[in-house]
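Coordinate analysis (summary)
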Amino acid sequence: MEKIKKKRILMAKLGIDAHDIGVKTVTGWLRDAGLEVIYTGPFQTPEKVISSAIQEDVDAIGLSFIGGEHLIYTPRVVNLMREKGVNIPLVVGGVIPRQDIPVLKEMGVREVFDAGTHSALIIDSFKALLE
């Protein structure tokens with residue numbers, strides 16, 4: 001009998017901002033919803049995130065930002081995903097100004113969650129992306 005692979009998500013906190021309560025909370029929600037989540041911790045680089053995503057064979061990547069670095073790091077992650085052939089959904093969340101959401105989506109980000117997004121919406125969106 002073939003074992004069914006559980007859907008896996010890599011969650012990462014890029015840059016020098018160590019405030020990771022939000023990403024840890026979302027990680028817990030996703031785990032409670034039955035998804036396997038790997039949290040890489042704070043202070044990650046785009047290179048480390050993509051390397052970890054490949055090594056862990058994940059089905060989606062979630063990036064968390066609070067300090068305004070989302071427009072700096074997200075394009076680097078997207079470019080590395082393309083270079084390395086990582087064709088999985090990329091989700092961004094945290095303190096994201098509304099005017100930046102269309103910019104992130106134009107880059108290829110599938111979903112953007114700003115601070116205060118309800119847990120059910122985040123969970124349902126990840127599950128839909130993973131189907």
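Throughout what follows, the structure given in this document is the object of discussion. Quick caveat, the model's predicted, so the values are computed rather than measured.

Across its twelve residues, helix 1 (residues 21–32) extends 16 Å between first and last C-alpha, which sits within 8% of the 16 Å expected from 1.5 Å per residue. Buried within helix 1 are the following residues: V23, V26, T27 and L30. Buried residues of helix 1, seen end-on, are gathered within an arc of 105° and therefore sit on one face of the element. Exposed side of helix 1, more than 90 degrees from the buried face: I21 and D32 are the residues found there. Those residues of helix 1 that are buried are in contact with strand 1 (8–13), strand 2 (36–39), strand 3 (60–65) and helix 5 (119–130). Note on helix 1: the residue one or two positions beyond its end, G34, has a positive phi of about 95°.

On to the packing of helix 2 (residues 46–56) against helix 3 (residues 70–84). How two helices pack is summed up by the angle between their axes together with the distance between the axes. At a minimum axis separation of 9 Å, helix 2 and helix 3 run at an interaxial angle of 40°. Our classification of the angle between helix 2 and helix 3 gives oblique. Judged by the twist between their axes, the crossing of helix 2 over helix 3 is right-handed. For the pair helix 2 and helix 3, the contacting residues are P46, E47, I50 and I54 in the first and Y73, R76, V77, L80, M81 and K84 in the second. Residues belonging to the contact of helix 2 with helix 3 are distributed by class as follows: seven nonpolar, no polar and three charged.

Read across the sheet, five strands follow the order 2-1-3-4-5 without closing on themselves; strand pairing throughout is parallel. Each edge of the open sheet is held by one strand with a lone partner, namely strand 2 and strand 5 (111–114). Neighbouring strand axes in the sheet, compared pairwise and without regard to direction, differ in orientation by 20° on average. Bridge count between strand 1 and strand 2: four bridges; the pairing is parallel. Bridge pairing in strand 2 links L10 to I38. In the packing of helix 1 onto the sheet, contacts are made with strand 1, strand 2 and strand 3, and the angle to strand 2 comes to roughly 160°.

Scoring rules and cut-offs
Numbers given to residues run from 1 along each chain, matching the order in which its sequence is written. Given that the model is predicted, a residue must reach a pLDDT of at least 70 before its local features are reported, and side-chain atom pairs must reach 80 or more before they are shown or counted; all residues, however, enter totals for whole chains, interfaces and linings. As a rule here, side-chain values cover all heavy atoms of the structure and leave hydrogens and water aside. Runs of H or I in DSSP of at least four residues are treated as helices and runs of E of at least two as strands, each being numbered from the N terminus. Expected helix span is taken as 1.5 Å per residue step, with the number of steps being one fewer than the number of residues. Here's how the labels work: a residue is buried when its accessible area is under 20% of the maximum for its type, exposed when over 50%, partly exposed in between, all with a 1.4 Å probe on protein chains only. An arc is given here, and it is the one of the directions from the helix axis to the C-beta atoms. By definition in these notes, contact holds between two residues if any of their heavy atoms fall within 4.5 Å. Comment: axis = line fitted to C-alpha atoms, over the contacting stretch for helices; angle = value between 0 and 180 degrees taken between N-to-C directions. When an angle is under 35 degrees it counts as roughly parallel; over 145 it counts as roughly antiparallel; between 65 and 115 it counts as roughly perpendicular; any other value is oblique. Should the near helix be turned anticlockwise from the far one by less than a right angle, the crossing is termed left-handed; should it be turned clockwise, right-handed. Residues were grouped as follows: Ala, Val, Leu, Ile, Met, Phe, Trp, Tyr, Cys and Pro as nonpolar; Asp, Glu, Lys and Arg as charged; and all remaining residues, including Gly, as polar. The pairing criterion for strands is at least two bridges between them, as found by DSSP.

None of this, on its own, says anything about what the molecule does.
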